[in-house]
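A closer look at the structure
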Amino acid sequence: MSPTQSKFLTLIFFTCLNASVGTFAQDAASISVSGEVVSPLNLKISDLKAYRQVGHKVKDRDNKEHEFNGVSLIEILEKAGVTTGSKLRGENLAKYVLIKAADGYEVIYSLAEIDPEFTDQVIILATQKDGQLLPAGEGPFRIITPNDKKQARWIREVRSIKVLFAKE
Ligand SMILES: Nc1nc2c(c(=O)[nH]1)N[C@H]1C(S)=C(S)[C@@H](COP(=O)(O)O)O[C@H]1N2
Ligand SMILES: [Mo]
């Protein structure tokens, strides 16, 4: 084997290694769903395959259209047993969802902002952008809220989703 060939093979080897370690890291990451839920969840990307897949084409802060794919936040809350749909009335309207990221960033949504009986907007827990897994620093999970004119609640690197009660 010539030195050029062996350099080439080494390059291929490390490229493949890097890709598989990257995929492994993506699948090791998980998000927790806890708080005012019947069944707390701990979800990895592979677990989301059992959920209905949703997508949105939206402009990101780079002012370009991107297609985000993932699952709807409401479906995750429903699987965890949150008071959505017909149960979202009375004091349950004082519940909200606190979403935390790896960098400590936190945002909230009230349950009524997420529930399809209150809004047509589908908030996505995205795992893909333009057909690729979300890159480090953005994923593996990111919230996309199409109707928010500012992207400030489009929280990147989501680690946990907690349902809380604001009632006094
Ligand atoms: N985890 C995390 N997500 C975040 C932020 C942050 O600091 N940390 N900033 C928010 C704000 S203020 C904006 S405007 C958008 C910007 O996202 P972008 O710069 O990646 O397009 O991300 C939002 N999501
Ligand atoms: Mo921002």
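Remember, predicted model here, so these are calculated numbers, not experimental data.

1. Some thoughts on the pairing of strand β2 (residues 41-44)
Here β2 shows a buried face lined by L41 and L43 and an unburied face lined by N42 and K44. In terms of strand pairing, strand β1 (residues 30-35) meets β2 through 4 bridges, oriented antiparallel. Looking at β2, one finds that S30 is bridged to K44. In sequence, β1 turns back onto β2 through a hairpin of 5 residues.

2. Focus on the sheet that holds strand β6 (residues 106-110)
Spatially, 5 strands are ordered β2-β1-β10-β5-β6 in an open sheet, and the strand pairing comes out mixed. Taken across any chain shown, the strands that pair with only one partner, and hence form the sheet edges, are β2 and β6. Strand-to-strand twist in this sheet, taken as the mean axis angle between neighbours without regard to direction, amounts to 20°. As paired elements, β1 and strand β10 (residues 158-165) share 4 bridges and run parallel to each other. Directly across from G35, in β10, lies its bridge partner V163. Each of β1, β2, β5 (95-101) and β10 is contacted by helix α2 (residues 73-80), which is oriented at about 140° to β2, the strand it contacts most.

3. Some words on the pattern of salt bridges
Within the structure shown, the criterion is met by 7 salt bridges. Two residues, D60 and K129, come together in a salt bridge whose shortest N-O distance is 3.9 Å. With a gap of 69 residues between them, D60 in the loop between β3 (54-59) and β4 (65-72) and K129 in strand β7 (residues 124-129) connect regions that are remote in the sequence. Look at D60 and you get buried, because its relative accessible area is 9%. Since its relative accessible area comes to 18%, K129 is described here as buried. Across the salt bridge formed by D60 and R142, the nearest N and O atoms sit 3.1 Å from each other. Separated by 82 residues along the polypeptide, D60 in the loop between β3 and β4 and R142 in strand β9 (residues 142-144) bring together distant segments of the chain. Side by side, D60 and R142 carry an identical accessibility label, which is buried. Taken together, the salt bridges that share partners define one network made up of D60, K129, E138 and R142.

4. Here's the deal with the pairing of β5
Within β5, 5 of the 7 residues are buried, which leaves the element mostly enclosed by the surrounding structure. Inspection of the sheet shows β5 paired to β10 by 7 bridges, in the antiparallel sense. Of the residues in β10, the one forming a bridge with I99 is I161. Across 5 bridges, the pairing between β5 and β6 is antiparallel. Each residue of the ladder has a partner; that of L98, found in β6, is I108. As consecutive antiparallel partners, β5 and β6 are separated by 4 residues, and within that stretch G104 has a phi angle of approximately 90°, a positive value.

5. A few points about the side chain of N92
Take N92: it is sitting in the loop between α2 and β5. A residue is classified by how much of its surface remains accessible, and N92, at 14% relative accessible area, is buried. A distance of 2.9 Å separates the side chain of N92 from the backbone oxygen of K87, its partner in a polar contact. Leave out the neighbours within four places in its chain, and N92 touches T83, K87 and L111.

About the cut-offs
- Residues numbered from 1 in each chain as written.
- Chains lettered and ligands numbered in written order.
- Predicted model: local features only at pLDDT ≥ 70, side-chain atom pairs only at ≥ 80, totals over all residues.
- Heavy atoms only, no water.
- Buried < 20%, exposed > 50% of the residue type's maximum accessible area, 1.4 Å probe, protein only.
- Helix = DSSP H or I, 4+ residues; strand = E, 2+ residues; numbered from the N terminus.
- Pairing = 2+ DSSP bridges.
- Axes fitted to C-alpha atoms, helices over the stretch in contact; angles between N-to-C directions.
- Contact = heavy atoms within 4.5 Å.
- Salt bridge = Lys/Arg side-chain N within 4 Å of Asp/Glu carboxyl O.
- Polar contact = N/O pair within 3.5 Å; in protein donor to acceptor, adjacent residues only side chain to side chain.

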